Amino acid sequence: MTPFVLQCGNPLLPITLTDVPLRNADAVPTDDDCSAIFSDIESAPEPRIIVLGDDASLAALLTRLMRTERLHVEVAFVPENATDAAHIYKLGTGSRAAKVALTGTASSTPLIRDDAGKAVVGRALLGGADGTDLEGEAYVDDTRLFSGVVPGVEVAPTPDMPGLRARVVSRRRFLPRRWVSGRAMQLGSPAAELTRDGIAGGKTVKRSTFYRHHQEWLLVR
């Protein structure tokens with residue numbers, strides 16, 4: 001195994017990773033940032049990319065791996081602080097996660113993407129335009145999630161099959177709604193705003209689908 005670090009933004013570099021080849025990138029890696037690290041690993045035996053950043057950093061790299069048909073490359077995640085993805089995949093943070101990144105084993109993990117071809121590793125939120133309630137109808141596989149008006153919908157990957165789960169956002173913080181698991185979540189709405197791993201989509205959509213990609217990714221745990 002040959003490790004390479006992709007340092008996204010300015011997180012602290014754990015001591016464990018100081019001797020590993022490092023490539024700097026934006027907090028949310030651009031296509032050029034990803035192309036640079038792909039060039040670094042091209043001739044390496046059994047390459048492993050260690051993403052040092054947050055959920056949006058990891059999602060951007062996975063999106064690029066998916067689009068360039070490189071999902072055979074092992075990926076480790078070292079968040080500086082606890083994130084949704086770190087919780088979902090039971091990863092540590094900082095030095096603990098860095099140790100796992102170097103000594104852990106890669107295993108096939110469901111990859112969740114949306115109909116815009118972007119990966120989600122922590123969670124996606126769907127709400128109404130300009131912070132209003134979400135109007136419409138949503139299904140997880142054949143199960144209706146809601147029909148009418150709700151505060152919003154949350155979608156998250158699962159580490160095992162079927163791949164994702166979704167639920168209606170609760171108006172009461174301490175009374176969360178029930179998760180529904182499946183392969184895909186589909187939403188129809190007059191106008192919905194989408195946020196993926198903390199990054200706003202930038203425009204309203206009438207339809208949105210999240211689903212398990214046909215190919216898994218290799219997560220080091």
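A quick note: this is a predicted structure, and the numbers were derived from the prediction, not measured.

### A short note on the environment of Leu-187
(1) Moving on: Mapped onto the secondary structure, Leu-187 falls in strand 14 (residues 184-196).
(2) Moving on: Overall, the relative accessible area of 4% leaves Leu-187 in the buried class.
(3) Moving on: If sequence neighbours within four positions are ignored, Leu-187 has contacts with Leu-126, Leu-134, Glu-137, Ala-138, Phe-146, Ala-192, Lys-206, Arg-207 and Ser-208.

### Concerning the packing of helix 1 (residues 31-41) against helix 2 (residues 55-67)
(1) Moving on: Their axes nearest at 10 Å, the elements helix 1 and helix 2 cross at an angle of 70°. Taken together, the axis directions place helix 1 and helix 2 in an arrangement best described as roughly perpendicular. Relative to helix 2, the crossing made by helix 1 is right-handed. Residues Asp-31, Cys-34, Ser-35, Ile-37 and Phe-38 of helix 1 form the contact with helix 2, whose own contacting residues are Ala-60, Leu-61, Arg-64 and Leu-65.

### Some details on the pairing of strand 8 (residues 124-128)
(1) Moving on: Along strand 8, four of the five residues are buried, which leaves the element largely enclosed by surrounding structure.
(2) Moving on: Here strand 8 runs beside strand 14; their pairing, made up of five bridges, is antiparallel. Residue pairing in the sheet places Leu-126 in a bridge with Leu-194 of strand 14.
(3) Moving on: Here three bridges tie strand 8 to strand 11 (residues 153-157), and the two strands are oriented antiparallel to one another. Residue pairing for strand 11: Leu-125 is matched across the bridge by Glu-154.

### Some words on the state of the cysteines
(1) Moving on: Counting across every chain of the model gives zero disulfides.
(2) Moving on: Distance from the sulfur of Cys-8, which forms no disulfide, to the nearest cysteine sulfur (Cys-34) is 7.9 Å.

### Structural notes on the packing of aromatic side chains
(1) Moving on: Applying the stated criterion across every chain, the model contains one aromatic pair.
(2) Moving on: With centroids separated by 5.8 Å and ring planes inclined at 85°, the aromatic side chains of Tyr-89 and Trp-217 adopt a geometry described as edge-to-face. Here Trp-217 lies in strand 16 (residues 217-220) and Tyr-89 lies in the loop between helix 3 (84-88) and helix 4 (94-103), a separation of 128 residues in the sequence.
(3) Moving on: Judged by its relative accessible area of 1%, Trp-217 is buried.
(4) Moving on: Against the face of Trp-179 rests Arg-165, its NZ or CZ located 4.0 Å from the ring centre.

### Focus on the sheet that holds strand 2 (residues 22-25)
(1) Moving on: With respect to topology, six strands assemble into an open sheet ordered 2-1-3-4-16-5, the strand pairing being mixed. Lying at the two open borders of the sheet, with one neighbouring strand each, are strand 2 and strand 5 (106-109). Between one strand and the next, the sheet's axes are offset by a mean angle of 30°, whatever the strand orientation.
(2) Moving on: Here six bridges tie strand 1 (residues 2-8) to strand 3 (residues 47-53), and the two strands are oriented parallel to one another.

### Comments concerning the nonpolar core
(1) Moving on: Counting 32 residues, the largest nonpolar core has Ile-49, Leu-61, Leu-62 and Trp-217 as the members making the most contacts within it.
(2) Moving on: At the level of elements, strand 1, helix 1, strand 3, helix 2, strand 4 (74-79), helix 3 and strand 16 are the ones that each hand at least two residues to this core.
(3) Moving on: Here this core takes six residues from helix 2, the largest share from any one element.

### Details of helix 4
(1) Moving on: Taken together, the buried positions of helix 4 are occupied by Gly-94, Ala-97, Ala-98 and Ala-101. All buried residues of helix 4 lie within an arc of 105° about the axis, which places them on one face of the element. Relative to its buried face, helix 4 has exposed residues pointing more than 90 degrees away, namely Ser-95, Arg-96, Lys-99 and Thr-103.
(2) Moving on: The inward-facing, buried residues of helix 4 abut strand 3, strand 4 and strand 16.

The rules behind these values
- Residues numbered from 1 in each chain as written.
- Predicted model: local features only at pLDDT ≥ 70, side-chain atom pairs only at ≥ 80, totals over all residues.
- Heavy atoms only, no water.
- Helix = DSSP H or I, 4+ residues; strand = E, 2+ residues; numbered from the N terminus.
- Buried < 20%, exposed > 50% of the residue type's maximum accessible area, 1.4 Å probe, protein only.
- Contact = heavy atoms within 4.5 Å.
- Axes fitted to C-alpha atoms, helices over the stretch in contact; angles between N-to-C directions.
- Parallel < 35°, antiparallel > 145°, perpendicular 65-115°, else oblique.
- Left-handed = near helix turned anticlockwise from the far one by under 90°.
- Pairing = 2+ DSSP bridges.
- Disulfide = S-S within 2.5 Å.
- Phe/Tyr/Trp six-rings, centres within 6.5 Å; stacked < 30°, edge-to-face > 60°.
- Lys NZ or Arg CZ within 6 Å of the ring centre and 35° of its normal.
- Core = buried A, V, L, I, M, F, W, Y, C linked by side-chain atoms within 4.5 Å.
- Arc of directions from axis to C-beta.

By themselves, these figures tell us nothing about what the structure is for.
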